[in-house]
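# Examining the three-dimensional arrangement
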Amino acid sequence: MNESIIRPAAAADLDAITEIYADAVRNGTASYELEPPTRAEMGARFETLVVGGFPYVVAEESGTVLGYAYAGPFRPRPAYRFIVENSVYVAPHAKGRGLGRLLLERLIAEAAKLGFRQMIAVIGDGHPGSASVKLHERMGFRHSGRLEGSGYKHGRWLDTTFMQLSMNGGASTAPDPDSLPERKFRAGSVKAG
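Let us look at the structure shown here. (Residues numbered from 1 in each chain as written. Predicted model: local features only at pLDDT ≥ 70, side-chain atom pairs only at ≥ 80, totals over all residues. Heavy atoms only, no water.)

This paragraph deals with unusual backbone geometry. Even without a glycine there, the phi angle at Asp-125 is positive, about 55°. Note on placement: Asp-125 falls in the loop between strand 5 (118-124) and helix 4 (131-138). One non-glycine residue, His-154, lies in the positive phi region at around 55°. Note on placement: His-154 falls in the loop between strand 6 (142-153) and strand 7 (156-166). Among the residues examined, His-154 registers a relative accessible area of 45% and is labelled partly exposed. (Helix = DSSP H or I, 4+ residues; strand = E, 2+ residues; numbered from the N terminus. Buried < 20%, exposed > 50% of the residue type's maximum accessible area, 1.4 Å probe, protein only.)

Here you go:
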């Protein structure tokens, strides 16, 4: 078995990322999108996250991207700036090999380094036995809510599970003024003023 490398994603990875996500949209219930986004749309999403300084990583073996993960803004309102929402996707033929765990471990580490305080997982079709729920539980996420019947896909109603991981002291300490979210907020306040 080849060794998996987790590394920062690059624009050259977007064809593989688009293909992995397209399969998840077409055949899965984790994403509530009904039609796979185009390569151009995936490129625009990637660029927005990377330019914003958010972590975006891929799992690679022998030069082939087998999965990806990123953290992005949870909500656009400024008081949410210390919270990121994660996404983790693995190619169908690479599932069950621990790549999701490796991707999520790296994503958590990168988000913590940037000074974020909470990571949220919004899990489509988040029933208790789902692979994503189990992965997040193993990584220390706690259940923080469920929306029943919040999505309809593949002929059935789906619940959405919210899970949360505290990082960098969570809500127990004041924000770090040198963290990425605080620096971006101050920079935006200066521009707006």
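There's plenty left to go through after this.
Another point: the side chain of Gln-164. Inspection of the secondary structure puts Gln-164 in strand 7. Look at Gln-164 and you get buried, because its relative accessible area is 18%. Of note is the side chain of Gln-164, whose polar atom sits 2.8 Å from the side chain of Gln-118. (Polar contact = N/O pair within 3.5 Å; in protein donor to acceptor, adjacent residues only side chain to side chain.)

Ile-17, Tyr-68, Leu-104, Ile-108, Met-119 and Phe-141 are the most contacted members of the largest nonpolar core, which has 44 residues in total. Residues contacting Tyr-68, with those up to four places away along its chain left out, are Ile-17, Ile-20, Tyr-21, Met-42, Tyr-56, Val-57, Val-58, Ser-87, Val-88, Tyr-89 and Leu-103. (Core = buried A, V, L, I, M, F, W, Y, C linked by side-chain atoms within 4.5 Å. Contact = heavy atoms within 4.5 Å.)

Burial runs high along strand 2 (residues 56-61): six of the six residues are buried. Both strand 1 (residues 5-8) and strand 2 contribute to a ladder of four bridges, which runs antiparallel. Within strand 2, the residue paired with Ile-6 across the bridge is Ala-59. The pairing of strand 2 with strand 3 (residues 64-73) spans six bridges and is antiparallel. Within strand 3, the position partnered with Ala-59 by the bridge is Gly-67. Taking the residues between adjacent antiparallel strands as the criterion, strand 2 and strand 3 are bridged by two residues, where Ser-62 takes a positive phi near 50°. (Pairing = 2+ DSSP bridges.)

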